[in-house]
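# Coordinates in review
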Amino acid sequence: MGKSRARRFRRAPFSPTGPEQRRDGEGDPEDEPAAELLEKLQHPSAEVREYACASISKLLQQKHVIPAFLQRDVVRCLGPLLMDHSLAVRETAAGALRNLSACGGFEVCDDMVTKDIMTPLVALLKECSTGLDANQLSPKKCREMNKNYIEDIANEAINLLWNVCECNNTAVSIFNKEGCLESVLHYMKKFSTNVDLAISVANCLQAVTEDNPDLLSSFNASAQQVLETVMLCPETTMKHILLRTLIAGTIWNIKDTIPPGSLGSMVNAILKIFSESLAIDAGETIIRMNEAEKNRLKLAAETETEENMSDVIDNDVLSEDDDMEEIPKGKVRRENDISDLLPSDKWELKEVTALLMAQQTALEIIVNMCCSEDPSDDEWEELSSSDESDLFMENSYNEGSGLLMSPLCLSDEVNSAFLNNLIPKKILEKTAFPNSVALDICMHNPSWKPLIKKLNAVQCRALTCLHSILLVSDVDCLGGASALQSLAEHLSQLVFSKTELPTDTEFLEAITSALRALLQTMASKNISQMIGKFLLEVAMKESSLVVAGEALDALFDVFADGKEAEKAAVQIKLLPALKEFQPVFKMRMRKEGKGQYSTDQLCVLDNVKMNLRRFIAYQEALGKTPT
C-alpha cells in the first residue's frame, strides 16, 4: 500500500442518464418490435423514417432492449440515414445513434466503430460544417418551424462523436486523420447564438485532446484564437460558465502548444475561470432556480387559462360566419409528428446542472494539474506518484477556519495564479456537505432529484483536491500545526457530525484519502494527532455500535501503513488502547447485537471485529508496543 498517492482524473465517461442525453419524449413510443421499426427505416416516406428513428431512439434509452437491436444490426441500419435526403431523418437518426452509444457503453461504442459508423458520421459533420453559415432551409421556413436543422443535427452528431471517441482509440485516430478538428471548431464559433451546441463541442474537444499528442500540431494560431475567444466571452449564465470551464480544460490538455512566454498568463486565465465557477454557492443556486421555476410555471398556467378563454370567444365569433377561413394557431401537426414527444423546457434545472458540471470539471482539472501524468494507464482515474513532483505551495488565507492553505503550482507564475484566485479556499468550501434546504428541494422533486448525485460528486472531487494539495505541501505554508489540527477537526466532523454515517463509497474513499494525507503531513513533523485521538474517542465512547465500528474502520484505513502512520500510532498509543478496547467491543456485540441491529449491520460489525483482531496483530508485528 505505502504512502498515499496523488489521484489523477480521467474524463468522466458520458452518463446514460445525464442531462445531455437525447430524450425524444416523456411518454412511451408505440410498442413495436425492433424488427418492424428497423424495417420502416427503409420506407420511401421521409416522415415514416423519421418516426421510426424517433421510436428507436426512445427505446434505446432502455438498456434491456439494446441487445435486440444489436442482433438486427441497428448500427448499419441507422448509419446511412445520417446522410438521408431529409434533414429531419438525419437529426433523429443521429439522436438514436447517440442514445445507443450513451446507453450501450464501451462495448457498444467499440462495436459501432467496428461497423464503420465513423465514415457517415465524419461525412455528416463536414457537410453540416459547410452548410452552417449558408443554411439549406430558407429563413422564412426556419422561422415557421422555430428550428435550425443544421445546428440541431450537428449537436446530435457532435455528441455521438464525443461518446465514441471517449471509448475507442480508433475513433480518436480517425478524428485526427480526417481533420475533424477544423469542422468541430467551426461549430464552436456559434457559441454566442447556440451555447448548447458549443457545450457539446467543448465536451468533445476535452475528450479528444486528452493524451492525444498527434492532434497537437493541428492547434495552430487560428484554432487557439477560437478557444481564446470563447474563454473571454462575458456572458454570466451557468451554461456559459460550464462552456468556459470545458474550454479551459481543453487548453490545459494542449498546453504543450502554448509558447513558454505565454504559459503564465494562460494558466492565470484558466484558474480565473475555475475560481469563477467554484465561487458560486450551488445550494443557494438550487433554491433560487427552483423558486424561479415555480413562478414561471405559475405564470404559464395563468397565461394558458387566458388563451383558452380567448379561444372560446374567437370560436363563438367564427361560428357566426361559416364561410370565414379559420386562422390556425401555431403549427399544424403532421401525421406521425414527434414534436409533441419533445420534453418541456426546464431551463432552471439545466442551469443548475450546468453549474454543478462546471464545478466538478474544474475540480478534476485542478487535481490533474497537481499530479504527474502517466499516459500509459487507461483507467479513468489513475494513481500517479507525486514524489518526483516539483510542485510547491505558497500562503493563502481561509477566513472561515483560520486555515492557511497554499496554492498548488508548477512555477512561480502558476503559484501566484492560485493565490490570486483563492483556489484553495474555494476548494475547502466545497468539501462541506450540500445545503440541507437544497437537498430537501431535490428530494421532493423527481426531475431535480438527480442533482443530489451531482452535489455529492462535487464534494468528493473537492476532497480529492484537498488530498492532492496536502501531499505536496509544506507544513509552514499550510499554516503550521494549529491550522492542520483545525483541518483535521473539519474532516473528522464530515464523517461523524451526522446522525447516520455516510455510506457512499466514493465519499468514504475521498475523505479517507484526505485524512490519510493529512496524517502523513502531521506525523512527518511530529505534530500531535488530533485525527487519531478523535477516532479513538468515537470508537470507545459512541453509544451506537455501528458508529463505533465506522470509527474503527477509519482508524484501520488511516493507520494502515507507512512510516508516518507508524510514528503517529506511537504518539497516540494506538496499540494499547485498541487492545484494551477489543474485549469491550466483543462484549457489546454479544449484548447489544441481537435485536438492535439489522442482519446487514451485524455482518459489517463482524467484519470490523475480525479486522480489529488482525490490525492489533499487525501492529504487534511491527514491534510498536510501548515499553
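Residues numbered from 1 in each chain as written. Predicted model: local features only at pLDDT ≥ 70, side-chain atom pairs only at ≥ 80, totals over all residues. Heavy atoms only, no water.

### Structural notes on the pattern of salt bridges
Opposite charge on two side chains allows them to pair when their charged atoms are near. Note the cut-off: Whenever a carboxyl oxygen of Asp or Glu lies within 4 Å of a side-chain nitrogen of Lys or Arg, that contact is scored as a salt bridge. A run of H or I in DSSP becomes a helix once it reaches four residues, and a run of E becomes a strand once it reaches two; helices and strands are each numbered from the N terminus.
Across all of its chains, the model carries 15 salt bridges by this definition. In this structure, lysine 579 and glutamate 620 form a salt bridge, with 3.1 Å as the shortest nitrogen-oxygen distance. Residue lysine 579 is located in helix H26 (residues 574–596), and its partner glutamate 620 is located in helix H27 (residues 599–621); the two are separated by 41 residues in the primary sequence. Look at the salt bridges and you will find they share partners, linking Asp73, Arg76, Asp111 and Lys115 into a network.

### Let's talk about the packing of helix H22 (residues 505–524) against helix H25 (residues 563–571)
Let me state the cut-off plainly: Axis definition: a line fitted to C-alpha atoms, limited for helices to the stretch in contact. Angles are taken between N-to-C directions and run from 0 to 180 degrees. Should an angle fall under 35 degrees it is called roughly parallel, over 145 degrees roughly antiparallel, and 65 to 115 degrees roughly perpendicular, with every other angle called oblique. Contact between two residues is taken to exist if any of their heavy atoms lie within 4.5 Å; hydrogens are not considered. Residues are sorted three ways: Asp, Glu, Lys and Arg are charged, Ala, Val, Leu, Ile, Met, Phe, Trp, Tyr, Cys and Pro are nonpolar, and all the rest, Gly among them, are polar.
One can describe the packing of H22 onto H25 by two numbers: an axis separation of 8 Å at closest approach and a directional angle of 70°. Between H22 and H25, the angle falls in the class roughly perpendicular. The segment H22 lies against H25, with Leu519, Gln520, Ala523 and Ser524 engaging Glu564, Ala565, Lys567 and Ala568. Broken down by class, the residue content of the contact of H22 with H25 amounts to four nonpolar, two polar and two charged.

### Notes on the nonpolar core
Across soluble globular proteins, nonpolar side chains show a tendency to be buried alongside one another. To be explicit about the condition: Buried Ala, Val, Leu, Ile, Met, Phe, Trp, Tyr and Cys residues form a nonpolar core when they are joined through side-chain atoms within 4.5 Å. The cut-offs for exposure are 20% and 50% of the maximum accessible area for each residue type, with area from a 1.4 Å probe on protein chains only; residues under the lower value are buried, those over the upper are exposed, and the others partly exposed.
In this structure, Phe69, Leu78, Met188, Leu243 and Phe274 are the most contacted members of the largest nonpolar core, which totals 128 residues. Ignoring anything within four residues of it in the chain, the contact list for leucine 243 reads Met188, Phe191, Val195, Ala198, Ile199, Ala202 and Val230. Counting residues in hydrophobic clusters, the runner-up holds 55 residues, among them Leu428, Leu463, Val558 and Leu574.

### Observations concerning helix H9 (residues 169–177)
Applicable threshold: What the arc covers is the set of directions going from the helix axis to the C-beta atoms. What qualifies as a polar contact is a pair of N or O atoms within 3.5 Å, subject to a donor-acceptor requirement within protein and to the restriction that residues adjacent in sequence count only when both atoms come from side chains.
Residues Ala171, Val172 and Phe175 constitute the buried set of H9. Seen from one end, H9 has its buried residues packed into an arc of 100°, which puts them on one side. The exposed residues of H9 that point more than 90 degrees off its buried face are Asn169 and Lys177. Lining the buried residues of H9 we find helix H5 (87–114), helix H6 (118–130), helix H8 (149–167), helix H10 (180–188) and helix H11 (195–209). Here H9 starts with a cap whose side-chain oxygen sits 2.9 Å from the backbone nitrogen of threonine 170, and that cap is asparagine 168. Backbone geometry just downstream of H9 places glycine 179 in the positive-phi region, at approximately 65°.

### Re the confidence of the model for the chain
Here is the rule we go by: On a range of 0 to 100, pLDDT expresses the predictor's confidence in each residue.
In this model, the chain carries an average pLDDT of 79, and 75% of its residues clear a pLDDT of 70 or more. The least confident element of the chain is strand S3 (residues 392–393), whose mean pLDDT is 26; the most confident is H9, at 97. Segment residues 136–146 is flagged for pLDDT under 50; beyond a separation of four residues in sequence, or across chains, it makes eight contacts in the model.

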